[in-house]
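A structural walkthrough
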Amino acid sequence: MVAGGRKHAWGVVGTGRAADALVGPAIAANGSEVVASVGSSLEKGESYASKHGGRAFARFEELLADRAVEIVYIATPNALHAEQVIDAAAAGKQVFCDKPLATSVAEAEKAVDACVSAGVALGINFQTRHHQGMSEIRDALAAGEIGAPLIVQCEVSSGRGELRGWRSDPGLAGLGAMNNIGVHAYDMLRFLLGAEIVEATVLTDATDDQPLELAALALFRFDNGTLAYVNANQTTPRFEPDLTIHGTEGRISGRSVTRPHLEGGEFTILRGENERRILASTTDAFVRTVAAYEQAIERRETPNASGVDGLRSVQLTEALARSAREKRTVVIEY
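Below is a summary of the structure that appears in this document. (Residues numbered from 1 in each chain as written. Predicted model: local features only at pLDDT ≥ 70, side-chain atom pairs only at ≥ 80, totals over all residues. Heavy atoms only, no water.)

1. Quick look at the overall build of the protein chain
The number of helices and strands found in the protein chain is 10 helices and 15 strands. Taken along the three principal axes of its C-alpha coordinates, the protein chain extends 55 × 50 × 40 Å. The buried share among the 334 residues of the protein chain stands at 55%. The contacts of the protein chain with a sequence gap of at least 6 include a subset with a gap of at least 24, amounting to 68%. Between the averaged position of the 33 positive side-chain charges in the protein chain and that of its 43 negative side-chain charges there is a distance of 2 Å. (Helix = DSSP H or I, 4+ residues; strand = E, 2+ residues; numbered from the N terminus. Buried < 20%, exposed > 50% of the residue type's maximum accessible area, 1.4 Å probe, protein only. Contact = heavy atoms within 4.5 Å. Lys, Arg positive; Asp, Glu negative; His and termini not counted. Charge placed at Lys NZ, Arg CZ, Asp CG, Glu CD.)

2. Focus on the packing of helix H4 (residues 81-90) against helix H5 (residues 105-118)
Where H4 contacts H5, the axes come no closer than 9 Å and their chain directions differ by 10°. Judged by the inter-axis angle, H4 sits roughly parallel to H5. Across the interface between the two elements, Ala 82, Val 85, Ile 86 and Ala 89 of H4 pack against Glu 107, Lys 110, Ala 111, Ala 114, Cys 115 and Ala 118 of H5. In terms of residue class, the contact of H4 with H5 is made up of eight nonpolar, no polar and two charged. (Axes fitted to C-alpha atoms, helices over the stretch in contact; angles between N-to-C directions. Parallel < 35°, antiparallel > 145°, perpendicular 65-115°, else oblique. Nonpolar A, V, L, I, M, F, W, Y, C, P; charged D, E, K, R; others polar.)

3. So, the sheet that holds strand S5 (residues 94-97)
The six strands lie next to each other as S3-S2-S1-S4-S5-S6, forming an open sheet whose pairing is parallel. In this open sheet, the two strands that pair with only one neighbour each are strand S3 (55-57) and strand S6 (122-124). Shown here is a sheet whose adjacent strand axes are inclined to one another by a mean of 20°, direction ignored. The sheet contact formed by strand S2 (residues 33-38) and S3 spans three bridges and is parallel. Counted as the bridge partner of Ala 36 is Arg 55 from S3. Each of strand S1 (9-13), S2 and strand S4 (71-74) is contacted by helix H1 (residues 17-29), which is oriented at about 150° to S4, the strand it contacts most. (Pairing = 2+ DSSP bridges.)

4. Focus: unusual backbone geometry
A cis amide bond links Lys 99 with the next residue in sequence, Pro 100, at an omega value of -10°. Mapped onto the fold, Pro 100 is located in the loop between S5 and H5. Looking along the chain, the bond that leaves Asn 304 and enters Ala 305 is cis, with omega of 15°. Even without being a glycine, Lys 327 presents a positive backbone phi close to 55°. Its place among the elements puts Lys 327 in the loop between helix H10 (307-326) and strand S15 (330-331). The exposure class of Lys 327 is exposed, given its relative accessible area of 74%.

5. Considering the nonpolar core
Leu 101, Tyr 186, Phe 220 and Leu 243 are the most contacted members of the largest nonpolar core, which has 76 residues in total. Judged by nonpolar contacts, the second largest core, of 19 residues, contains Val 23, Val 34, Tyr 48 and Ala 285. (Core = buried A, V, L, I, M, F, W, Y, C linked by side-chain atoms within 4.5 Å.)

6. Concerning the sheet that holds strand S14 (residues 274-279)
The nine strands lie next to each other as S14-S13-S12-S11-S7-S10-S9-S8-S15, forming an open sheet whose pairing is mixed. Each edge of the sheet is formed by a strand with only one pairing partner; in this case those strands are S14 and S15. Bridging between strand S9 (residues 215-222) and strand S10 (residues 227-233) involves seven bridges; their strand directions are antiparallel. Note that in S10 the partner of Ala 216 across the bridge is Ala 232. Its contacts with the sheet put H10 on strand S8 (197-204), S9 and S15, and the angle it makes with S8 is roughly 50°.

7. As for the environment of Ser 37
By the element assignment, Ser 37 lies in strand S2. In sequence terms Ser 37 and Val 13 are 24 residues apart; their C-alpha atoms lie 5.6 Å from each other.

This is the structure:
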């Protein structure tokens, strides 16, 4: 906690779009501040610091040694996350990590264990579960407002676009559209249903020439019996960021709810002749996510989303990668 109020002091490693346009402004919007940053070069770190505040360091180790840093936000390429989480935990810092937590289950487990051993709070940047209306829908499902959930249909897309920078490197990215955007939808469904995925299968557009997929169509079976279809793609120009949940007694329809920065979103809960509407703007998704993480630290609670949520996500994507490779349904055991 920074002296003089509720504010927290953040150190940022990785100064690309996520840190610059999304989380950096969200930190400030919550009354906290960036006090240190590390980019892929000192120049990039200095550029970030000039915009968001704090001091730029040339090396991650220097940032971890700065006693002013309370929380470390990790926004580097995917393959670097786990090791940096472990290092931050060893330095006694609270850790907020971009998704995915790791590019392998083994590394994700090490990261979670390191934070538990160090007694620090590991949070994952799964902002979709913090979209306006998501908690209300979770509560409605838990209360049986549409009966038992049967079938879920979901689309999550960032629009048509090629993989750029480190996201086009299999060694750094791990996966394409599934790690870029699909994981948000997968985590959202776990959150809403309060259930785990136990079977998974996927078709992708990956080829020998393009090993990282731009489109992934996944089918899931949850341990509560719910079946789900998720279309995660970076190929469709006029996408529909929508969600539909069919239950034994009704239906929940969400329009413009699965991606951030959308105005005018809405959930409609239908049961018999009754209809209930819930506003679902997603413009403040990252502000809500940072606020939830900071609140968890203040209350000494498990973050939402937690390191275990990050681990579950990696377990799922590893199963999906195996499904695509072996062209079969994969059973997931936790």
